[in-house]
Amino acid sequence: MMKVLITGSNGLLGQYLVELLSSLPAYEVIATGRGANRLRMQKGYQYESVNLADESAVKRLIERTAPDVIIHAGAMTQADDCERSKDACWMVNVTATRYLLQGAEKAGAFFLFLSTDFVFDGLSGPYKEEDAVNPVNYYGASKVAAERIVKQAKVPWAIARTVLVYGVADDPRRSNIITWVKSNLEQKKKLKVVNDQWRTPTLVQDLAEGCKRIIDKKAEGIFHLSGKDMLTPYDMAMQVANYLNLDTKLFEKVDASSFKQPAQRPAKTGFVIDKAERELGFAPRSFEEGLKLVIEQLPEK
Ligand SMILES: NC(=O)C1=CN([C@@H]2O[C@H](COP(=O)(O)OP(=O)(O)OC[C@H]3O[C@@H](n4cnc5c(N)ncnc54)[C@H](OP(=O)(O)O)[C@@H]3O)[C@@H](O)[C@H]2O)C=CC1
Ligand SMILES: Cc1cn([C@H]2C[C@H](O)[C@@H](COP(=O)(O)OP(=O)(O)O[C@H]3O[C@@H](C)C(=O)[C@@H](O)[C@H]3O)O2)c(=O)[nH]c1=O
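Treat the numbers as computed from the prediction; the structure is a model and nothing was measured.

**Considering the packing of aromatic side chains**
One pass over the structure, following the stated rule, counts 6 aromatic pairs. Each member of the aromatic cluster is reached from another via a ring pair, and the members are Phe120, Tyr127 and Phe271. The ring of Phe223 has Lys275 sitting right over it, with the charged end atom 4.5 Å from the ring centre.

So this is what it looks like as structure tokens:
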């Protein structure tokens, strides 16, 4: 049985990793999050409340649980918050990653780190794993710094980068493109939707499956795990609205410059996922299929 420690277990990806792995007999899951366990499903795994910024708590947890694998999904993920609170962002995204890695090296655990398309500048997407990083915001810079630490690890490691993850969260601290469009249009609210950013949005179930394939194979190195469809948020929003027969006249097509967000976003990212398809058998759903699955999962109004 593979003992897997998952950080960020109350987050969007974390909860799908916990549900996926704890439902399979081959895995023993230790889920760790900040504060109380917020998952709907509270059986079939061990939950440990740990602040990842607390070095001794992190190292004690790893020593006590002795995992074979650590999947580090926990992070400060709101790019604007990271721009405003750089110290907090660095503490969680970089320093905490170092604490976990030091614990992993002591335990001899395989280390899988979750990273982002925001490590790239967005000038020449879609990106392959070997392309040069050049972040345009502090969140991206923190992930580049964390990746650098992971690459020097004394244990086998992998970095899974992903893009614009969407899905249904038990207790979401942040919305995502589908839930955000659906809830606003249903309330007849006007939406400014960006038409000059390009992404390859990723269904959270596909991302969790990709992470599972990496740990099953102990596949080492960087893997780009995202959807294959290159879309703008406007394209995505139109697909959501049309599928749900909601009023697309509520959309105002804007370019990113009309947003006064603290963190700059890279214009055109998106990933080439050939390596993940070839080496992991990674096969993500189309945005249309993912959209349908998410809508089916949403609780009835
Ligand atoms: N969502 C996306 O579009 C993308 C995500 N990624 C990366 O994938 C990973 C998972 O993302 P996602 O699930 O969407 O992120 P979420 O923001 O949904 O989850 C992140 C989790 O980390 C936890 N966390 C933050 N700070 C601490 C801390 N100090 N101690 C313990 N836990 C902490 C949060 O806790 P709490 O719930 O209490 O806030 C949260 O549950 C992240 O590393 C992210 O950078 C990469 C590209 C795209
Ligand atoms: C808030 C808002 C967003 N958008 C678009 C812009 C953007 O491409 C998309 C998502 O916007 P957000 O600001 O919510 O998300 P954003 O911070 O851009 O998303 C990022 O999150 C971190 C974790 C990552 O690692 C990145 O891969 C990326 O997913 O929706 C609009 O079109 N209109 C809006 O009013």
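**Some details on the site of ligand 2**
Close to ligand 2 lie 18 residues; Thr116, Asp117, Tyr139, Val194 and Gln197 are nearest. Separating an oxygen atom of ligand 2 from a side-chain N or O atom of Tyr139 is a distance of 2.8 Å. Relative to its unbound accessible area of 690 Å², ligand 2 is 83% covered by the protein chains. The greatest single-element share of the shell around ligand 2, amounting to 3 residues, is contributed by strand S8 (residues 191-194). When its residues are assigned to classes, the shell around ligand 2 shows 10 nonpolar, 4 polar and 4 charged.

**Thoughts on the UniProt feature "domain: RmlD-like substrate binding" (unreviewed entry) in the chain**
Feature annotation in UniProt places "domain: RmlD-like substrate binding" (unreviewed entry) on residues 2-298, given in this structure's numbering. In this annotation, residues 2-298 is assigned 39% helix and 17% strand; the end-to-end C-alpha distance for the span is 32 Å.

**A word on the nonpolar core**
Counting 63 residues, the largest nonpolar core has Leu112 and Ile215 as its most contacted members. Per element, the largest residue contribution to this core is 6 residues, and it comes from helix H7 (residues 204-217). Ignoring anything within four residues of it in the chain, the contact list for Leu112 reads Ile70, Ile71, His72, Ala158, Ile159, Ala160, Cys211, Ile214 and Ile215. Core analysis: the second largest hydrophobic core is formed by 27 residues, Ile30, Leu52, Ala96 and Trp157 among them.

What counts, and at which threshold
Residues numbered from 1 in each chain as written. Chains lettered and ligands numbered in written order. Predicted model: local features only at pLDDT ≥ 70, side-chain atom pairs only at ≥ 80, totals over all residues. Heavy atoms only, no water. Phe/Tyr/Trp six-rings, centres within 6.5 Å; stacked < 30°, edge-to-face > 60°. Lys NZ or Arg CZ within 6 Å of the ring centre and 35° of its normal. Near = heavy atom within 4 Å. Polar contact = N/O pair within 3.5 Å; in protein donor to acceptor, adjacent residues only side chain to side chain. Areas by Shrake-Rupley, 256 points an atom, 1.4 Å probe, with all protein chains shown as cover. Helix = DSSP H or I, 4+ residues; strand = E, 2+ residues; numbered from the N terminus. Nonpolar A, V, L, I, M, F, W, Y, C, P; charged D, E, K, R; others polar. UniProt positions renumbered as here; feature names shortened; annotations may be inferred. Core = buried A, V, L, I, M, F, W, Y, C linked by side-chain atoms within 4.5 Å. Buried < 20%, exposed > 50% of the residue type's maximum accessible area, 1.4 Å probe, protein only. Contact = heavy atoms within 4.5 Å.

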